[in-house]
Amino acid sequence: MIEAETEVERVTTNSRRKVCDALVLFGASGDLAKKLVLPSLFNLLFNLAVRHKLDVPIVGVALSDWDDEGMRKYTEASLVAHGKNVKGKTWEKMREQIHFIPGNYSDDETFSTLADRLREARSEFPLFYLAIPPSFFGTVVDQLSRHGLTGSCRVVVEKPFGRDLESAVELNDTLHRSLEERQIYRMDHFLGKEPVQNLLVFRLANSMVEPIWNNKYIDNVQITMYEDFGVQDRGAFYDGVGAMRDVVQNHLMQIFGLLTMEPPAELSTDAIHDEQVKVFRATRPMDAAEVVRGQYRTYRDTEGVQPHSQTETYFAATMWVDSWRWAGVPFHLRAGKELAFTATEAVVTFRNPPRLNIAGSGLSAPPPNRVRFRFTEPDGVTIEMQAKEPGAGYASSTIMLNADFAESLGHEHEPYELLIGAAMVGDKSLFGRADSVLRTWEIVDPI
Ligand code: NDP
């Protein structure tokens, strides 16, 4: 028993917590379940180190008129589409664990059936995963509470967590009516990306980095998420959201937080969140004078998009942190679709070195050093430095010190696999805390 806990903890957490004994997937027949949640559950079961701990019933709940077999077929099709081996023992085992409850979230009957199922399975610590339209978050949590299911559960809430400060506060209050903060896991899959988590390690585990990580040496920071494709078949969804709500308030702000926070006193969930909240509090709310919103030319021709839509497909903002470490350093956050390239990265540009007046050579100042963190494949880090050009004189040229994480560090876990595994064992460090999420809304709210 002790050995098993140690194994789970090795991959997901660093302290003892109860492992969930049932996973209830609301929205089991939806797009997110098919694309990400079900394949990640397969990976978790496939991973021998955690399998015997996460070997729990999986109960889907959605409107579709399915039985257990219908949900198993849907899951199998999703796994095949994601190249998983459905001939082996993992699928055989997972298949047996899958159950389905058809029903509307507004109906009491759906939840009394669920309560019966969980009782039969002797579940005391269920994990409820809300992969459902945000308008149902409150309904489902209220229903769970009315049916006595919230006492010792955990609830994963998908993004978006609100659409502005007011609705995020309202959603938070709704959740807190039935749940304590420690039971709520606010999902932002960027926090499950290994190269994003690396930001903290890169800063804190390298003695040549942290001492210069401040306004004395850093000139500016650019955090970028560009895509060379448009909204594709998600026009109706995207038109009500836009670039800022879709990726800036959440994903890019998380990267910003990890780049700017002070070192936490310890690597515990609360200590990390405390520092993030501190830096978010020191960050000025966005100023419309320093924001650009744009829309690509063919956006309004997309199915589901309003003919006169004002929704932005491009968003850029300059942000400022009023702290001793960061005063005067601009942070440029930008995101958009249908652009020249696809990349998610953060580029830290250092101050220009002085002119190299070696032996009165009259050379101009070399370009600045840059650290480029790449969060999409091939993810890794590139450091731009100056070195002497061959030949006479002392002119410098930029050289790249490049590390590809897959090559140097090996296999990465998929973000959803890591996050679902963490929620199952009760590790909250990779999920947003209420004060931190609400503060990011405060920062973007003026826009
Ligand atoms: P879908 O519309 O594809 O799926 C919605 C799910 O909810 C379906 O299983 C549907 O059941 C069920 N449902 C809806 N209304 C009811 C109801 N009244 N009673 C019972 N079941 C109901 O949504 P997505 O999967 O795309 O998104 C789910 C959540 O995940 C959202 O919060 C979204 O923002 C978030 N998300 C989605 C991503 C994606 O790529 N899809 C990415 C990141 C986050 P049925 O199909 O049987 O009618």
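Preceding this paragraph is the structure being described.
All values reported here derive from a predicted model rather than from experimental measurement.

A. Examining the overall build of the chain more closely. In terms of helices and strands, the chain carries 15 helices and 14 strands. A compact globule built from 447 residues would reach a C-alpha radius of gyration of about 22 Å, and the chain, at 24 Å, matches this within 12%. Overall, the chain is about 85 × 55 × 40 Å in size when its C-alpha atoms are taken along their principal axes. A total of 447 residues make up the chain; the buried ones form 51% of that total.

B. Spotlight on the sheet that holds strand 12 (residues 370-374). Pairing is mixed across the open sheet formed by 8 strands, whose spatial order is 8-9-10-7-11-12-13-14. If you trace the sheet from one side to the other, it starts and ends with strand 8 (291-294) and strand 14 (396-404), each paired once. Each adjacent strand pair in this sheet contributes to an overall mean axis angle of 15°, direction not counted. Two elements, strand 13 (residues 380-388) and strand 14, share 9 bridges in a ladder whose sense is antiparallel. The residue bridging Val381 from the neighbouring strand is Ala403, located in strand 14.

C. Inspection of the site of the ligand at higher detail. In the vicinity of the ligand there are 22 residues, among which Ser29, Asp31, Leu32, Ser64 and Ile132 approach most closely. Within the contact set of the ligand, an oxygen atom lies 2.9 Å away from a side-chain nitrogen or oxygen of Lys35. At 3.3 Å, a backbone N or O of Leu63 approaches a nitrogen atom of the ligand. With the chains in place, 77% of the 900 Å² that the ligand exposes on its own is no longer accessible.

D. Highlighting the sheet that holds strand 3 (residues 98-102). Taken in spatial order, the 6 strands make up an open sheet running 3-2-1-4-5-6, and their pairing is parallel. With one partner strand each, in any of the chains shown, strand 3 and strand 6 (184-186) form the two edges of the open sheet. Taking each pair of neighbouring strands and ignoring which way they run, the sheet shows an average axis angle of 20°. As defined by bridge partners, strand 4 (residues 126-130) adjoins strand 5 (residues 154-157) across 4 bridges and the pair is classed as parallel. In the sheet register, Tyr129 faces strand 5, and the bridge partner there is Val156.

E. Molecular detail of the environment of Asn172. Positionally, Asn172 belongs in helix 8 (residues 165-178). Exposure remark for Asn172: the relative accessible area of 5% places this residue in the buried category. Put simply, Asn172 and Gly162 are 10 residues apart on the chain and 8.8 Å apart in space, counted from C-alpha to C-alpha. Apart from the residues within four sequence positions on either side, Asn172 is in contact with Phe161, Arg186, Ala434 and Leu438. Side chain to side chain, Asn172 and Arg186 meet in a polar contact 2.8 Å long.

F. Local environment of helix 4 (residues 68-81). Between its first and last C-alpha atoms helix 4 spans 20 Å; for 14 residues at 1.5 Å apiece the expected length is 20 Å, and the two agree. Taken as a whole, helix 4 has its buried residues at Asp68, Met71, Arg72, Tyr74, Thr75, Ser78 and Leu79. Axial view of helix 4: buried residues confined to an arc of 160°, hence all on one face. Along helix 4, exposed side chains directed more than 90 degrees from the buried face belong to Lys73 and Ala81. For helix 4, the secondary structure elements touched by its buried residues are helix 2 (31-46), strand 2 (58-62), helix 5 (89-97), strand 3 and helix 6 (108-120).

G. Representation of the pattern of salt bridges in the model. The final tally for this structure, using the stated rule, is 25 salt bridges. The residue Glu181 makes a salt bridge to Arg186 at a minimum N-O spacing of 2.8 Å. By relative accessible area, Glu181 is classed as partly exposed at 22%. Here Asp270 and Arg433 are joined by a salt bridge, their closest N and O atoms 2.9 Å apart. Here Asp270 is found in helix 12 (residues 269-282), whereas its partner Arg433 is found in the loop between helix 14 (415-425) and helix 15 (434-444), with 163 residues between them in sequence. Using a relative accessible area of 45% as the deciding quantity, one classes Asp270 as partly exposed. Taking the relative accessible area as the measure of exposure, Arg433 reaches 14% and is therefore buried. Within this structure, Arg203, Glu210, Glu262 and Arg325 form a network of salt bridges that share partners.

H. Representation of a negative patch on the surface. Side chains of Glu166, Glu170, Asp173 and Asp445 sit close together on the surface and give a patch of like negative charge. Within the fold, Asp445 resides in the segment after helix 15.

I. Region of interest: the state of the cysteines. Enumeration according to the criterion identifies 0 disulfides in this entry. No disulfide involves Cys20; its sulfur sits 11 Å from the nearest other cysteine sulfur, which is in Cys153. Taking the relative accessible area as the measure of exposure, Cys153 reaches 3% and is therefore buried.

J. Molecular detail of the packing of aromatic side chains. This model, assessed by the stated rule, comprises 18 aromatic pairs. Seen from their ring centres, Phe26 and Tyr105 are 5.5 Å apart, and the 75° between their planes marks the pair as edge-to-face. Placement of the pair is Phe26 in strand 1 (residues 22-26) and Tyr105 in the loop between strand 3 and helix 6, with a sequence separation of 79 residues. For Phe26, a relative accessible area of 0% corresponds to the buried category.

K. Main features of a nonpolar patch on the surface. A surface patch of nonpolar side chains, amounting to about 230 Å² of accessible area, comprises Met385, Ile399 and Leu401. Positionally, Ile399 belongs in strand 14. The exposure class assigned to Ile399 is partly exposed, which follows from its relative accessible area of 36%.

What counts and what doesn't
- Residues numbered from 1 in each chain as written.
- Predicted model: local features only at pLDDT ≥ 70, side-chain atom pairs only at ≥ 80, totals over all residues.
- Heavy atoms only, no water.
- Helix = DSSP H or I, 4+ residues; strand = E, 2+ residues; numbered from the N terminus.
- Rg over C-alpha atoms; globule rule 2.2 N^0.38 Å.
- Buried < 20%, exposed > 50% of the residue type's maximum accessible area, 1.4 Å probe, protein only.
- Pairing = 2+ DSSP bridges.
- Axes fitted to C-alpha atoms, helices over the stretch in contact; angles between N-to-C directions.
- Near = heavy atom within 4 Å.
- Polar contact = N/O pair within 3.5 Å; in protein donor to acceptor, adjacent residues only side chain to side chain.
- Areas by Shrake-Rupley, 256 points an atom, 1.4 Å probe, with all protein chains shown as cover.
- Contact = heavy atoms within 4.5 Å.
- Expected span 1.5 Å × (residues − 1).
- Arc of directions from axis to C-beta.
- Salt bridge = Lys/Arg side-chain N within 4 Å of Asp/Glu carboxyl O.
- Patch = residues over 30% accessible without salt bridge, like charges linked within 9 Å, V, L, I, M, F, W, Y side chains within 5 Å.
- Lys, Arg positive; Asp, Glu negative; His and termini not counted.
- Charge placed at Lys NZ, Arg CZ, Asp CG, Glu CD.
- Disulfide = S-S within 2.5 Å.
- Phe/Tyr/Trp six-rings, centres within 6.5 Å; stacked < 30°, edge-to-face > 60°.

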